[in-house]
Amino acid sequence: MRQGEVRVVPSGKGVDSRELLKRLAAVMAEPGTGQERLDRIVDVIATSMETEVCSVYLKRDAQTLELCATRGLRPESVHAVRLKVGQGLVGRIAEEVAPINTADAPHEKGFRYLAETGEEVYSAFLGVPIQRLGEVLGVLVVQTAEARQFSEDEVHGLEVVAMVVAEMTELGTFTGPGAMEVAATHRLPFFARGIPAQEGAAMGTVVLHEPNIVAKVPVAEDPEAERERLGAALAALRAEIDGMLDDDLLKTSGEHREVLETYRLLASDRGWLRRMEENIASGLSAILAVEKEQSETRARMERVQDPYLRERLHDLDDLARRLLRHLAGADGPSRDLPEDAILVARNIGPAELLDYGRALKGIVLEEGSVGSHAAIVARALAIPLVIQAARVTREAQNGDLILVDGDEGVAHLRPEENVRRAFEEKLAMRAEAQKAYAALRDLPALTRDGQRVALYMNAGLMADLPSLPHCGAEGVGLYRTELQFLVRSKVPRRGDQAEFYARVLDAARGKRVIFRTLDIGSDKVLPNMKRQDEPNPAMGWRAIRLTLDRRGVMRMQIQALLRGAKGRPLSIMFPFVAQMEEFERGRDMVLGEVAAERALGHTLPETLQIGAMLETPSLAFAPDRFFRITDFISIGGNDLKQFFFAADRENERVRRRYDTLNTSFLDFIAMIIRRCAEHGTPLSFCGEDAGRPVEALALCAVGIRTLSMRPAAIGPVKRLLRAIDLSEARGVIDAARAEGAMSVRPALMRWLREIEAPL
Ligand code: PEP
Ligand code: MG
């Protein structure tokens, strides 16, 4: 602290925060407008702390703080003085989320003189953030003319008061008729730009996955009773953790156990407990005492760089969240969902998401990634999903109106009227398009020049199967079996797996399903597997590489598939085959299991086809024999493209840099088509590009005749294919290539616009 020229009077003052909080509680209970309450609050604080000034600055938006009430500064400066976050001492407090305590404010770093307030006569300054769970809602300041340093006790006291003011803000104490000037941030429109993870659009009501627990009574009447409540909640929390530790499966898996052991230690941490008890002793209710501790953890989390420490703070944050749940008596997601529920969460596990199921109209996550399991489930359920929507859980309140645009990756919270109207128009247009697709459902994907393209769907969860009869797919061209494993906390046993595959085939009602064996690896970890630290998981020990090494897992899955078929035709496909020998070894295992099943007298599938996914460029150059012995090939375009261009499919920076319609890539596909044709090997394409109409058209133009895609993509792809002449499209591509185009996209788009194709 800098002292300048003034004489600092050390203060041994304390503040009876319990008494102060009692008076605040009385203010809350009195009738009056928000402004009147706020005015009374600054009076009470100034009187209790014996300061000439007390002011409350509240956030008007993410960047602006406004003086909303004061005792001591000029009354006309209320609602007139505004500061940016980072500006002046008040702005600095909001930015750094830390108090400033100085005897000589004018010489403090960042001081900014605000003439309209008349504050030049005040030397000592103590300001603390008004925050709730790490979110700064405003700043609370006291000032005195006497140059004195505020005591630690006073700092703590003011922080406690700020907590209560934060809670009151959240409860809407300062809003109401005639009090719009002090509207809480959570009532203003909020726009979140995230990343699209599942297309679609929805308008609905916010349902917070982790309900925002607001203490109705922030001030404790009876500290002893609050301490007991905290004690009981902690006991329940420890029992919850012990329960998880007792889970049979977890006993065998190192990783989870370590995390839980850490949790158990943290939950008994004396320091943690002491800090919360101190908060109660200063007059806060148990809920607020935990919140205060959690706010401080979050503030620290923003500051520390060290990944290990961050991880620990994350654990503490999670523990506090669980503890709050016990205190509020809320456990888990509520089952009473509104009809138009839109889930807002920091992140969510796949199993939890499956619990909500199709009851959700949309999902907005603050974290998450395109390849995360939650995203996979959202895609299976065709629920519009936006991920990486910063701050959304802090801004959203249960019951808010929210618009989710999964195509653009944005969400509008509490939108303004014109935004809502434009969105409703978009929804209406989408509904029209859906009708058009439904009308095509039973028609073939037949081009104008009579070329027939087979359209299949991709699946991976039981939740996908209901789409099969509705989307018009001819079958399932790619069944990602690992999804079923990943969304469970235990590896399904052989019998369960067999049962599951049987149900998939039942649901397919005779339509073909191609089961892909487990495509797991370091980024997709089975519940009982140890995570491998690999520098490049996508190119690491994954898929067939892993299952050939862990033969037990593969054998169990193959047996389950053979039995689940119950005598029906069966297609099995190996992922990520990079050279012929891997396919041969996989195929030998299948044939070995067939022989074993036969010897046991078990029913065998009526027919058995064993194929390979072509996802690495090397396989396209495999010996002719590979093309002869494989029953079919499916191009996994997602992986193939990432390895062809050496551009990580999960990396936003490079992901979109290379076009599927690049002539090099299309030529490469054409070469695979030629090689398959030479040997009569059936070929399909099952990456995401199969479901993008223009890409699908280009793939068909170079010779692909079977595509497998997301169910929702079948309508748009079919509509385009039925509207065009494939040989003409081929002509456009050839001409562009002959002219030396790098990508055929511009030429193809020009042509599609000319012929007014439905895009
Ligand atoms: C692919 O790589 O294109 C593919 C279909 O498999 P996945 O997306 O599961 O890797
Ligand atoms: Mg793949």
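Given the structure is predicted, the values throughout are model-derived calculations rather than measurements.

Student: Got a minute to help me understand the sheet that holds strand β5 (residues 100-102) in this structure?
Tutor: Strands belonging to one sheet form pairs held by backbone hydrogen bonds; the direction of such a pair is parallel or antiparallel. Strand order in this open sheet of six strands is β4-β3-β2-β7-β6-β5, and the pairing throughout is antiparallel. Among the strands making up the open sheet, the edge pair consists of β4 (82-84) and β5. Put simply, the sheet's adjacent strands are angled 25 degrees from each other on average, direction ignored. Judged from the seven bridges that link them, strand β2 (residues 53-61) and strand β3 (residues 64-71) form a sheet pairing that is antiparallel. Residue pairing across strands places C54 opposite R71, the latter belonging to β3.

Student: I'm lost on the site of ligand 1 in this one. Help?
Tutor: R480, R516, E615, N638 and R649 are the nearest of the 13 residues found near ligand 1. Contacts to ligand 1 include N638, whose backbone N or O atom sits 2.7 Å from an oxygen atom. A total of 290 Å² of accessible area belongs to ligand 1 in isolation, and the protein chains cover 97% of it. The set of elements that each furnish at least two residues to the shell around ligand 1 consists of β19 (475-480) and α23 (637-644). Top contributing element to the shell around ligand 1 by residue count: α23, with three residues. Residues belonging to the shell around ligand 1 are distributed by class as follows: three nonpolar, four polar and six charged.

Student: What exactly am I supposed to notice about the layout of surface pockets here?
Tutor: Rolled over the atoms, a probe with the dimensions of a water molecule shows which regions are left empty. Of the voids in this model, the second largest pocket is the one considered here, and its volume is about 360 Å³. Lining of the second largest pocket is provided by 19 residues; of these, H156, E159, K292, E293 and E296 occupy positions nearest its centre. Mapped onto the lining of the second largest pocket, the elements with two or more residues apiece are β6 (124-132), α4 (152-171), α8 (270-281) and α9 (286-303). With seven residues, α9 is the single largest residue contributor to the lining of the second largest pocket. Counting residues domain by domain, the lining of the second largest pocket receives three or more from each of domain 1 (17-183) and domain 3 (223-328).

Student: Explain α23 to me, please; I cannot follow it from the model alone.
Tutor: Along an α-helix, residues three or four apart share an orientation, since each turn contains 3.6 residues. With respect to burial, α23 is a largely interior element, seven of its eight residues being buried. Residues of α23 that are buried include every one of G637, N638, D639, L640, K641, Q642 and F643, and no others. The inward-facing, buried residues of α23 contact β19, β22 (608-614), α21 (617-620), β23 (633-635), α24 (663-679) and β24 (683-685). After α23 finishes, the residue A646 shows a positive phi value of roughly 55 degrees.

Student: Explain the confidence of the model for the protein here, please?
Tutor: When pLDDT is low, close inspection of the predicted coordinates is not appropriate. Confidence in the prediction of the protein, expressed as mean pLDDT, is 87, and 91% of residues score 70 or more. The model gives residues 1-8 a pLDDT under 50, and that stretch makes 23 contacts with residues more than four places away or in other chains. Here residues 248-255 scores under 50 on pLDDT; set against residues more than four positions off or in separate chains, the count is 13 contacts.

Student: How should I be thinking about the sheet that holds strand β12 (residues 341-345) in this particular structure?
Tutor: Reading across the sheet, the eight strands line up as β9-β16-β15-β11-β12-β13-β14-β10 and stay open at both edges, with mixed pairing between neighbours. Lying at the two open borders of the sheet, with one neighbouring strand each, are β9 (190-193) and β10 (195-198). Ignoring strand direction, the axes of neighbouring strands in this sheet form an average angle of 25 degrees. Summarising the sheet, β12 and strand β13 (residues 362-365) pair through four bridges and their orientation is parallel. Bridge pairing in β13 links L343 to I363. Contacts between helix α14 (residues 417-440) and the sheet are confined to β11 (201-208), β15 (401-405) and β16 (410-413), with β11 contributing the most and set at about 120 degrees to the helix.

Rules used in this analysis
Residues numbered from 1 in each chain as written. Chains lettered and ligands numbered in written order. Predicted model: local features only at pLDDT ≥ 70, side-chain atom pairs only at ≥ 80, totals over all residues. Heavy atoms only, no water. Pairing = 2+ DSSP bridges. Helix = DSSP H or I, 4+ residues; strand = E, 2+ residues; numbered from the N terminus. Axes fitted to C-alpha atoms, helices over the stretch in contact; angles between N-to-C directions. Near = heavy atom within 4 Å. Polar contact = N/O pair within 3.5 Å; in protein donor to acceptor, adjacent residues only side chain to side chain. Areas by Shrake-Rupley, 256 points an atom, 1.4 Å probe, with all protein chains shown as cover. Nonpolar A, V, L, I, M, F, W, Y, C, P; charged D, E, K, R; others polar. 1 Å grid on protein atoms, 1.4 Å probe; cavity = no way out; pocket = protein on both sides within 12 Å on 5 of 7 lines; lining within 4 Å. Points joined across faces, edges and corners; volume = space filled by probe spheres on them. Domains from an automatic or database assignment. Buried < 20%, exposed > 50% of the residue type's maximum accessible area, 1.4 Å probe, protein only. Contact = heavy atoms within 4.5 Å. pLDDT = per-residue confidence, 0-100.

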